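# Examining the three-dimensional arrangement
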Amino acid sequence: MEVFLVIILLIAIADLSSSVFIITSLTIDGFQKKSVSPLNQILISLNVSNVSFTIVMSVYLATNSIWSYLYRVGFVFPFISYVTVCTITSSAWLTAALCFFYFTKIAPPWPGLLMKIKSKINVLTWRLILLVETVSLSVSFLSLAASGPHPNEKNSTAIEVETLENKMKKIKISNVVLVLNFLPFTLIIIMTVTSAWFLRVYDHQMKTNGTLVNTNVKDYQSAVHTMMGLLVLYLITILAIVLMALETFVDYSVGSWICLMILLLFPTGQSTLLIYSNPKLKQNLREQFNLLSCRA
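Residues numbered from 1 in each chain as written. Predicted model: local features only at pLDDT ≥ 70, side-chain atom pairs only at ≥ 80, totals over all residues. Heavy atoms only, no water.

## Focus: unusual backbone geometry
The backbone of lysine 34 sits at a positive phi, close to 65°, despite the residue not being glycine. The residue lysine 34 is located in the loop between α1 (2-33) and α2 (38-66) in this model. (Helix = DSSP H or I, 4+ residues; strand = E, 2+ residues; numbered from the N terminus.)

Below, the structure written as structure tokens:
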């Protein structure tokens, strides 16, 4: 039990450190420039969502290991389910918003709606974030219906019923997560594939014309690689959620531990991708390491 709690604590520290680093770095940069760029607005919102997810999951796993009786209180488990689904959904939609932002920058200037969106994306970003958060807070109420009340009886028959009900709740909540994240996940796939195709067209045009790779194309390449990395990360995480909900692996087996670690390390994985793809964040991270090395 102690080892399990130590692992949760270490992962939570890694998750919070990476997310808080991004939030702090981009916020300070915004104060220095007296404005926060649309891209940084999305990144800050995304990492705030990841911080919430880390706190909720860590508290849930730690307290459930020590004081499992707390989750027999009628409102506790539904509340935890709601917050968990809300943070996962918020993160998925914000990632879709990030991919959409990259897509608008990479897509050619076609006339019509896309052209209008491209010209106003910097102004529309904060409204898009507000819409995403409103949708996440609203649709996550479906998790309350899936979680339902927790039985309080203590006899053997009730325990068997409770075990079955808990399994059904996990499956139902997993279904809610999949349903709520199906659309943003699909949008991420479409925008990633389309952006990669646009990038290939740009590359082919430059080779045909004999021109050198310019800064914009390098930025596009970085953006597409980030989108692909996020897509793979979400695919692995969703698979882990499904396997855990279906109880594919026996508790405390290697498979169950791997699924749990994937879920818990999701914020760190996402933050790592975002830092790697952002020159400003990489520079700040190097400066922090250099500062720590000098102090050591």
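## So, the pattern of salt bridges
Applying the stated criterion across every chain, the model contains two salt bridges. In this structure, the salt-bridge partner of aspartate 29 is lysine 280, at a minimum N-O distance of 4.0 Å. Remark: lysine 280 occurs in helix α10 (residues 279-295) and aspartate 29 occurs in helix α1; sequence separation between them is 251 residues. In this structure lysine 280 comes out as partly exposed when scored by relative accessible area, which is 32%. Three or more residues joined by partner-sharing salt bridges are found here, namely Asp29, Lys33 and Lys280. (Salt bridge = Lys/Arg side-chain N within 4 Å of Asp/Glu carboxyl O. Buried < 20%, exposed > 50% of the residue type's maximum accessible area, 1.4 Å probe, protein only.)

## A look at the UniProt feature "transmembrane region" (unreviewed entry) in the protein
When the UniProt feature table is mapped to this numbering, "transmembrane region" (unreviewed entry) covers residues 6-31, 43-63, 75-103, 124-146, 176-202, 223-246 and 252-276. Taken end to end, residues 75-103 is 97% helix and 0% strand, and its first and last C-alpha atoms sit 42 Å apart. Helix and strand shares over residues 176-202 are 100% and 0% respectively, and the end C-alpha atoms of the span are 40 Å apart. (UniProt positions renumbered as here; feature names shortened; annotations may be inferred.)

## Things to note about the layout of surface pockets
A volume near 660 Å³ is recorded for the second largest pocket. Along the wall of the second largest pocket there are 25 residues; nearest its centre are Leu39, Asp219, Ser222, Ser277 and Pro279. When residues of the lining of the second largest pocket are assigned to their parent elements, the largest contribution, eight residues, is made by helix α7 (residues 215-245). Classifying every residue of the lining of the second largest pocket gives ten nonpolar, eight polar and seven charged. (1 Å grid on protein atoms, 1.4 Å probe; cavity = no way out; pocket = protein on both sides within 12 Å on 5 of 7 lines; lining within 4 Å. Points joined across faces, edges and corners; volume = space filled by probe spheres on them. Nonpolar A, V, L, I, M, F, W, Y, C, P; charged D, E, K, R; others polar.)

## Here we look at empty space enclosed by the protein
Picture a little ball the size of a water molecule; that probe, rolled over the atoms, points out where space is still empty. One pass over the full model with this rule turns up one cavity of 30 Å³ or more. Put simply, the largest cavity is a space of about 120 Å³. Forming the boundary of the largest cavity are 14 residues, of which Ile88, Tyr234, Thr237, Ile241 and Phe266 lie nearest the centre. Elements with a minimum of two residues in the lining of the largest cavity: α2, α3 (76-106), α6 (156-209) and α7. In terms of residue class, the lining of the largest cavity is made up of nine nonpolar, five polar and no charged.

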